[in-house]
Amino acid sequence: MRRVVVTGIGTVNALAQDVPGTFAALAEGRCGIGPLGFRDADRLTVRVGAEVRDWHPDLDPAQLPLYDRVTQYALVAGAEAMAMADLPDGLGMRAGVILGTAAGGIQTWEDSYRAVFADGKSRVSPLTVPRLMHNAPASHLSIRHGLTGPVLSVSSACASANHAMGLALQQIRAGAADVMVTGGSEAMLCFGGVKAWEGLRVLAPDTCRPFSLGRKGMVIGDGAGVLVFEAEEHARARGAKVLAEVAGFAMCADAGDIVAPDPDSAARAMQAALADADLDPQDIGYLNAHGTGTLANDRSESAAIRQVFGPHGPPVSSTKSMHGHAIGATGALEAVACLLALTQAVIPPTVGFQAADPDCALDLVVTTARAAHVEAVLSNAFAFGGLNAVIAFRKV
Amino acid sequence: MIPRADIEAAVIAILAKELLLPPAEIALDARIEDLGLDSLGKVEAIFALEERFGITIPFNANEPDQPDFDFVSVPGIVAGVERLLAQAPA
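Residues numbered from 1 in each chain as written. Chains lettered and ligands numbered in written order. Predicted model: local features only at pLDDT ≥ 70, side-chain atom pairs only at ≥ 80, totals over all residues. Heavy atoms only, no water.

Undergrad: Pulling in residues and values, what's your account of the overall build of chain B?
TA: Broken down by element type, chain B carries four helices and zero strands. Listed by position from the N terminus, the elements making up chain B come as α-α-α-α. Here the C-alpha radius of gyration of chain B, 12 Å, is about what a compact globule of 90 residues would show, namely 12 Å. With respect to the three principal axes, the spread of C-alpha positions in chain B is 35 × 30 × 20 Å. With 90 residues in all, chain B has 41% of them scored as buried. When contacts within chain B are restricted to residue pairs at least 6 apart in sequence, those whose partners lie at least 24 apart make up 56%. (Helix = DSSP H or I, 4+ residues; strand = E, 2+ residues; numbered from the N terminus. Rg over C-alpha atoms; globule rule 2.2 N^0.38 Å. Buried < 20%, exposed > 50% of the residue type's maximum accessible area, 1.4 Å probe, protein only. Contact = heavy atoms within 4.5 Å.)

Undergrad: Would you mind going over a nonpolar patch on the surface in detail, with residue names and values included?
TA: Where nonpolar side chains cluster on the molecular surface, the patch consists of Trp109, Tyr113 and Phe117 of chain A and spans about 370 Å² of accessible area. Note that Phe117 of chain A resides in helix 3 (residues 106-118). (Patch = residues over 30% accessible without salt bridge, like charges linked within 9 Å, V, L, I, M, F, W, Y side chains within 5 Å. Areas by Shrake-Rupley, 256 points an atom, 1.4 Å probe, with all protein chains shown as cover. Salt bridge = Lys/Arg side-chain N within 4 Å of Asp/Glu carboxyl O.)

Undergrad: Give me the lowdown on the pairing of strand 8 (residues 244-253) of chain A, citing residues and values where you can.
TA: Residues and elements named next belong to chain A. Within strand 8, seven of the ten residues are buried, leaving the element largely enclosed by the surrounding structure. Judged from the eight bridges that link them, strand 8 and strand 15 (residues 387-394) form a sheet pairing that is antiparallel. Looking across to strand 15, one finds that Cys252 is bridged to Asn388. (Pairing = 2+ DSSP bridges.)

Undergrad: With reference to specific residues and values, describe unusual backbone geometry.
TA: Its identity as a non-glycine residue notwithstanding, Ile327 of chain A has a phi of 40°, on the positive side. By secondary structure assignment, the location of Ile327 of chain A is in the loop between helix 11 (320-323) and helix 12 (330-344).

Undergrad: Account for a negative patch on the surface, naming residues and giving values.
TA: Residue and element names in this part refer to chain A. Residues Asp278, Asp280, Asp283 and Glu375 make up a contiguous surface patch of negative charge. Tracing the backbone shows Asp280 in the loop between helix 9 (263-276) and strand 9 (286-288). Take Asp280: its relative accessible area is 42%, and that puts it in the partly exposed class. (Lys, Arg positive; Asp, Glu negative; His and termini not counted. Charge placed at Lys NZ, Arg CZ, Asp CG, Glu CD.)

Undergrad: Outline the packing of aromatic side chains, listing residues and values.
TA: Following the criterion strictly, the structure yields six aromatic pairs over all chains and no others. Ring plane angle 50° and centroid distance 6.0 Å describe the contact between Trp109 of chain A and Tyr113 of chain A, whose orientation is recorded as tilted. Separated by four residues within a single helix, Trp109 of chain A and Tyr113 of chain A lie in helix 3, roughly one turn from each other. Centre to centre, the rings of Phe69 of chain B and Phe71 of chain B are 6.4 Å apart; their planes meet at 40°, and the pair counts as tilted. Phe71 of chain B carries the same exposure label as Phe69 of chain B, and that label is buried. Every member of this aromatic cluster is reached through a ring pair, and the members are Trp109, Tyr113 and Phe117 of chain A. Here Arg52 of chain B stacks its cationic end above the ring of Phe53 of chain B, 4.6 Å away from the centre of that ring. (Phe/Tyr/Trp six-rings, centres within 6.5 Å; stacked < 30°, edge-to-face > 60°. Lys NZ or Arg CZ within 6 Å of the ring centre and 35° of its normal.)

Undergrad: Got a sec to walk through the nonpolar core? Specific residues and values, please.
TA: All names here are of chain A. Of all hydrophobic cores here, the largest spans 74 residues; its most connected members are Val6, Leu227, Phe229 and Phe393. Of the residues forming this core, the biggest block, nine residues, is contributed by helix 12. Excluding residues that lie within four positions of it along the chain, Val6 makes contacts with Leu227, Val228, Phe229, Lys241, Val242, Leu243, Ala244, Val246, Leu339 and Phe393. (Core = buried A, V, L, I, M, F, W, Y, C linked by side-chain atoms within 4.5 Å.)

Undergrad: An account of helix 5 (residues 136-145) of chain A is needed here, citing residue identities and associated values.
TA: Residue and element names in this part refer to chain A. Among the residues of helix 5, Ala136, Pro137, Ala138, His140, Leu141 and Ser142 are the ones counted as buried. On the buried face of helix 5, the contacting elements are helix 2 (69-85), strand 4 (95-100), helix 4 (128-132), strand 5 (151-154), strand 6 (179-186) and strand 7 (223-231). Positive phi appears at Gly146, one or two residues downstream of helix 5, with a value of about 65°.

In structure tokens, the structure reads:
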């Protein structure tokens, strides 16, 4: 089976609009959560989020009207990742894009409905459909970089990016491509996006405190993470700088409740990812948890981690406490955090932590980063719908 | 002011609809956990109460002790709705 490596990463999120800034923020334990600034935010019950602020993307002004924010984030993160990977021209059908998003161009839906329902207009922008379609970010990345192989979007709520990366890994392993641009993008922070989440009563009014007593729920974030996955022999042959190995992936379904998590199923996903990566539990030096900060997830995930790793498991943190829960992009932002641990020997913390919860008895890295030599990492994503997707990266 | 009996009847009707039970099977002192209402049923019932009475219920599923709104029993919900109605601008 072909080994797959990471040769480029890029990101836009509430902490920073590139990888060096994001690495620095994660290492400092900075929190990107703040008051929401978009239109009609004053009509929301929950008014905090991890927004991408001061957004002035370096994108072609002639093309910008075609891009919902979900596409803009993907293109800017993608440009950073592609510059880092420095791929040769002419990959053609040997390179593709698989990108996750949960809500696609939700702001574009909102704008068009506002126009016809609230403002009484009789027409909407002709660019509405190409802006809002879920595959717009993946397609624009393919257009921008001339990638003509497998290109598609993956939508599985909070696990979208992990599923996308897993499928990208499988494309390369199976020989269907040599290079896959992957990750996720999300721009859910608009009035309708937050209003929909409010109804589930799971959003925190203050901040996100995963695994901590006093946690009040999740905080939505925006942004994109884009990673360049490449067959190892392809990367080595061209002398590319290799950041890490994409060691393994597994996905499974609870086939139970549509929203409530299932710890046994989550444990099975982690065990299967370890097996796929040919790793033992004790090889894992850092686990980036799904860690949403809800009562239900954090309890269930803690039980699942203990089931897989026993009472003396690896260091765990949830970086959602800093970049927010970027829903369909979150797995990609967390992959960037995993690469910080693997390449810089820095385990990013869970910030906002107040006190240990006996229901979440883990080796939690809280408040400040921990220096640690990390050989391999696991990153969890557990979605509504009972979908679990776990990815493993290994040091090279 | 809405009589307490009317609030009780509305609370029971809303819970009955979520639980697919005849309202007569829900006792006036029933506990929500004993009724078997799941988490989505709970947020749907809260939404229905808000729409029925024109109130905003400060309920967060992540706070186990539910400091802002007691959703543990029928009397707790009725008292909570009464309190919010009394606070609501006329």
